[in-house]
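Commentary on secondary and tertiary structure
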Amino acid sequence: MCRFFTLSAFHFKLFARNGYFVSTMLTSTLGMLLLQYVIAYAAQGLADPFLWVRAGIFGLWSCAVTAAGAIGFQRFQGTLPYLLNNVTSDLVSLAALLAPCSAFGLLAFPFSFAVSALLGMNASINLSQVIAVLLLWLGALVLDFAIAAFFVLTPNALVYEELILIPVMLLGGLLEAPGHLQTVIELFRWVLPISAPIRILLSGRITPFLVVQFLFSMTLCFAFALLIARSLLKKARVDGTVGVIS
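Residues numbered from 1 in each chain as written. Predicted model: local features only at pLDDT ≥ 70, side-chain atom pairs only at ≥ 80, totals over all residues. Heavy atoms only, no water.

**Looking at the overall build of the protein**
Within the protein one finds twelve helices and zero strands. Counting from the amino terminus, helix and strand elements in the protein follow one another as α-α-α-α-α-α-α-α-α-α-α-α. The 246 residues of the protein split such that 46% are buried. Counted over contacts in the protein with a minimum sequence separation of 6, partners at least 24 positions apart contribute 77%. Carbon together with sulfur atoms contributes 72% to the accessible area of the protein, which is approximately 12,300 Å² in total. (Helix = DSSP H or I, 4+ residues; strand = E, 2+ residues; numbered from the N terminus. Buried < 20%, exposed > 50% of the residue type's maximum accessible area, 1.4 Å probe, protein only. Contact = heavy atoms within 4.5 Å. Areas by Shrake-Rupley, 256 points an atom, 1.4 Å probe, with all protein chains shown as cover.)

**Quick word on the nonpolar core**
With 67 residues, the main nonpolar core has Ile 57, Trp 61 and Ile 194 as its most contacted residues. Counting residues per element, this core draws most heavily on helix α8 (residues 127-151), which supplies 13 residues. (Core = buried A, V, L, I, M, F, W, Y, C linked by side-chain atoms within 4.5 Å.)

**Considering helix α1 (residues 2-17)**
With 16 residues, α1 extends 23 Å between its outermost C-alpha atoms, agreeing within 8% with the 22 Å of an ideal straight helix rising 1.5 Å per residue. What α1 keeps buried is the set Phe 4, Leu 7, Ser 8, His 11 and Phe 15. For α1, the angular spread of buried residues about the axis comes to 100 degrees, placing them on one side. The exposed set on the far side of α1, more than 90 degrees from its buried face, consists of Cys 2, Phe 5, Lys 13 and Arg 17. (Expected span 1.5 Å × (residues − 1). Arc of directions from axis to C-beta.)

**Looking at the packing of aromatic side chains**
A complete count under the given rule lists nine aromatic pairs for this structure. Geometrically, the ring pair formed by Phe 15 and Phe 21 is stacked, given 3.9 Å between the ring centres and 20 degrees between the ring planes. Side by side, Phe 15 and Phe 21 carry an identical accessibility label, which is buried. When the centroid spacing of 5.3 Å and the interplanar angle of 50 degrees are considered together, the rings of Phe 15 and Phe 104 count as tilted. Taken together, the residues span a long stretch of sequence, with Phe 15 in helix α1 and Phe 104 in helix α6 (residues 90-105) at a distance of 89 residues. In this structure Phe 15 comes out as buried when scored by relative accessible area, which is 6%. Taken together, Phe 12, Phe 15, Tyr 20, Phe 21 and Phe 104 form an aromatic cluster joined through their ring pairs. (Phe/Tyr/Trp six-rings, centres within 6.5 Å; stacked < 30°, edge-to-face > 60°.)

**Section: the packing of α6 against α8**
Remark: α6 packs on α8, axes separated minimally by 9 Å, with the N-to-C direction vectors making an angle of 130 degrees. Relative to α8, the element α6 is oriented oblique. Where α6 crosses over α8, the handedness of that crossing is right-handed. Between α6 and α8, the contacting residues are Ala 95, Leu 98, Ala 99, Cys 101, Ser 102 and Ala 103 on the first element and Trp 137, Ala 140, Leu 141, Asp 144, Phe 145 and Ala 148 on the second. For the contact of α6 with α8, the class distribution of residues is ten nonpolar, one polar and one charged. (Axes fitted to C-alpha atoms, helices over the stretch in contact; angles between N-to-C directions. Parallel < 35°, antiparallel > 145°, perpendicular 65-115°, else oblique. Left-handed = near helix turned anticlockwise from the far one by under 90°. Nonpolar A, V, L, I, M, F, W, Y, C, P; charged D, E, K, R; others polar.)

**Examining the pattern of salt bridges**
This model, assessed by the stated rule, comprises two salt bridges. When the shortest N-O distance is used, the salt bridge between Arg 54 and Asp 48 registers 3.4 Å. You can call Arg 54 partly exposed: its relative accessible area is 24%. Arg 189 is the salt-bridge partner of Glu 186, the closest N and O atoms lying 3.1 Å from each other. (Salt bridge = Lys/Arg side-chain N within 4 Å of Asp/Glu carboxyl O.)

**Quick word on the packing of α8 against helix α11 (residues 195-203)**
Two quantities define a packed helix pair, namely the angle between the axes and the distance from one axis to the other. In the contact formed by α8 and α11, the axes pass within 8 Å of each other and the chain directions differ by 160 degrees. By the angle between their directions, the pair α8 and α11 is classed as roughly antiparallel. You can see that α8 and α11 cross each other, and the crossing is left-handed. Along the contact surface, α8 presents Ser 128, Gln 129, Ala 132, Val 133, Leu 135 and Leu 136, while α11 presents Pro 197, Ile 198, Ile 200 and Leu 201. Tallied by class, the residues present in the contact of α8 with α11 amount to eight nonpolar, two polar and no charged.

Put into structure tokens, the structure is as follows:
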């Protein structure tokens, strides 16, 4: 476990030095916040306490979704074999590589809170929402594992990052969806581990049902990611088809 945190801290430093990831967090959070500000100002709804929360959620997920191309990017750079061919478990090495994507996104919440306060918006938070932010981070982390494992099969994963950004936010409950999609969204609440934390953040309340939903989706998503990752690593070791072994 100590090795995992050490590797994660190393990758986080590299993540923070990359202007792309920093600008992704800042622009996505600020863009969502200002869009809501304009709409709320026109409708005299600046007292809504969830405006900054929605922007924080969107900013966190915008960073987390970069995990889709993280492994492929390392493969493109030629550094993936060095990340895997060491004394550390392959799964631990890959998890540490992906962890900073969602962890860096946590900065979207204090950034959104500070800007909201400066703009005179209703910026407030309670204990349930603080807990929900941590649950959202854990959910995004596990979902990152599943997304990265799935998209490592394609060399065009960087292109697909933007394509899954909005749909996941829609299915996760952050964005309003047409009535005929509600049944589908309710089903995906049991699949996406970020859905329950989003509902807690936007309601300010933790319920036993949402806790059960969160734990179930976390288990399901983690099992899927583990299954795919082990299968791909085994295949890579045998014939090098994933580009790990040249």
